[in-house]
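# Inside the fold
Here's the letter readout for the chains.
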Amino acid sequence: MGQQQSKGELLYQQVRYGNAEGIKTLRKDGAGLEWTDREGKTPLILACMYAELYHVAKTLIELGANVNAYRPGCQAGTPLHHAAKRGLENTVKLLLSSGANPLVLNDGRQTPLEVARAKGYSNVVRAIESHICLFSGWMRELYGPGFLEVFAPQLLSRRVWVVILPTGSKNPTKPFKLELALYARPQDARPRTVMALWKANLEESGPHQSDSSVMIIDNSTIPSRRRQRRRACSSHGRHWPQTVRQTRLKLSPGNEGDGQQLRWFCDACKGIPLPMHPPAFLQSATNERPPNLDRCSIDQASSSTGPPPPPPPPPPEASASPQEPEPSAPPLEDGPIHYPSIDSSPVEVPVTLNGEKREGDGSSGLCAICLDAPSEAACVPCGHVAGCMSCLNEINFIN
């Protein structure tokens, strides 16, 4: 046991020296990859803290190191947290492509994305967002009065970079929640506006309306200072009414009249990823529940855009079936088959007139025109007795 720990410690020392070949040799000799020092750092966490140890981190991952190993304490987090904290873009991309979970929270309840935002590393922010976002792109934010937007939309709007992505959660069994991050430009690390979509209402413009835009209304935003003051007053026995500040955000497509982009944006707000470009995180994390505005699973959210389920297999043929199907009729008795005789006698068809049934086949003695009075008059020159006097006189009058 002590020898195994010693080998793990030696491997940890080789990571510090940047000796990838020495790590491979110790691994072949049975050294473990998850040995931790007094601070709780594993060899991979140590390698993800320095840019010059990128090749060592790649070697450890190839050997099977845990990319989601967690380090508790004040410097808590996974290897992705530590790489994001130091702005190591290449290491972050390596971890993400190797299956690192970008939604894990550290002891400070921050995801690696939030850590990179706080440090101002915009390149790391874009790398993580492009891996997990359901939508990203240029849109226009409308900030003027509604009646002025109709006349001067370009003067009362500004281009913004919009990203929709899931947030982290301490409970991985629950569905992820979505948030909308709005940046003044893609080079910014800190978003100008972050809106919790699971608390907001989405109002889409109708198909017959002239403006193609969407309104997002959040009624649950409370200023942090006022919230802390209310908690302090509540602890002293004073109760203040809850103050709600409504946040409105109206967005339109980046290109005027681009209804497809607006539809993709609205679908992403509801937890439906783009069918032609789903996030890489959702493709790799098959066991994770999907981010969704309505708090349903990602399988339900993405089923409307995914391919239809395969049709059921055709029933097996009788020759390939091991059992014969049961008959649906009793078996025939032995002996000749007796077929029923066919009655070829004429059948009179009843004629319905004015709710009364009358029978006639042309020779019943009724008028062929009204089918009511008896036939009593002959036609000239053919001599057929075909109708009554009133009908034939009326026909003669018409002619």
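Scroll up for the structure.
Residues numbered from 1 in each chain as written. Predicted model: local features only at pLDDT ≥ 70, side-chain atom pairs only at ≥ 80, totals over all residues. Heavy atoms only, no water.

A separate point is the overall build of the protein chain. The number of helices and strands found in the protein chain is 14 helices and 11 strands. In the protein chain, which comprises 399 residues, the proportion classed as buried is 37%. Pairs at least 24 residues apart make up 54% of the contacts formed inside the protein chain by residues separated by at least 6 positions. In the form shown here, the protein chain has an accessible surface area of approximately 25000 Å², with 52% of it arising from carbon and sulfur atoms. (Helix = DSSP H or I, 4+ residues; strand = E, 2+ residues; numbered from the N terminus. Buried < 20%, exposed > 50% of the residue type's maximum accessible area, 1.4 Å probe, protein only. Contact = heavy atoms within 4.5 Å. Areas by Shrake-Rupley, 256 points an atom, 1.4 Å probe, with all protein chains shown as cover.)

With respect to the helices and strands, L274 occurs in the loop between helix 11 (259-269) and helix 12 (280-284). When its relative accessible area of 14% is taken as the criterion, L274 is described as buried. Through-space distance from the C-alpha of L274 to that of F135 is 7.5 Å; in sequence the pair is 139 residues apart. Beyond its immediate sequence surroundings of up to four residues, L274 is in contact with L134 and W264.

This part covers helix 8 (residues 122-132). Within helix 8, 8 of the 11 residues are buried, leaving the element largely enclosed by the surrounding structure. Among the residues of helix 8, those classed as buried are V124, V125, R126, A127, I128, E129, H131 and I132.

For the coordinates displayed, the defined rule picks out 3 aromatic pairs. With centroids separated by 5.6 Å and ring planes inclined at 80°, the aromatic side chains of W138 and W161 adopt a geometry described as edge-to-face. A residue pair is termed long-range when its members are at least 10 positions apart, and W138 in strand 1 (residues 135-142) and W161 in strand 2 (residues 157-166) qualify at 23 residues. Over the face of the ring belonging to Y183 we find R126, whose NZ or CZ atom lies 4.5 Å from the ring centre. Its end group placed over the ring of W138, R159 keeps NZ or CZ at 4.2 Å from the ring centre. (Phe/Tyr/Trp six-rings, centres within 6.5 Å; stacked < 30°, edge-to-face > 60°. Lys NZ or Arg CZ within 6 Å of the ring centre and 35° of its normal.)

All right, on to unusual backbone geometry then. Excluding glycine, residues mostly have negative phi values, and the peptide bonds linking residues are mostly trans. Here R109, not a glycine, exhibits a phi torsion of approximately 60°, which is positive. Judged by its relative accessible area of 54%, R109 falls in the exposed class.

Within helix 7 (residues 112-119) the residues assigned to the buried category are P112, L113, V115, A116 and R117. The secondary structure elements touched by the buried residues of helix 7 are helix 5 (79-85), helix 8, strand 2, strand 3 (178-183) and strand 4 (193-196). Remark: G120 follows helix 7 within two positions and exhibits a positive phi of approximately 85°.

Moving on: the side chain of S157. Looking at the element boundaries, S157 is found in strand 2. Here the side chain of S157 touches R140 through a polar contact of 3.0 Å, side chain to side chain. Residues within four places of S157 in sequence aside, it is in contact with R140, E141, L142 and Y143. (Polar contact = N/O pair within 3.5 Å; in protein donor to acceptor, adjacent residues only side chain to side chain.)

This part is about the pattern of salt bridges. A full pass over the atoms with the stated rule returns 14 salt bridges. Between R117 and E179 there is a salt bridge, and its shortest N-O distance comes to 3.6 Å. In this pair, R117 is assigned in helix 7 and E179 in strand 3, connecting sequence segments 62 residues apart. Each member of the pair, R117 as well as E179, carries the same accessibility label: buried. (Salt bridge = Lys/Arg side-chain N within 4 Å of Asp/Glu carboxyl O.)

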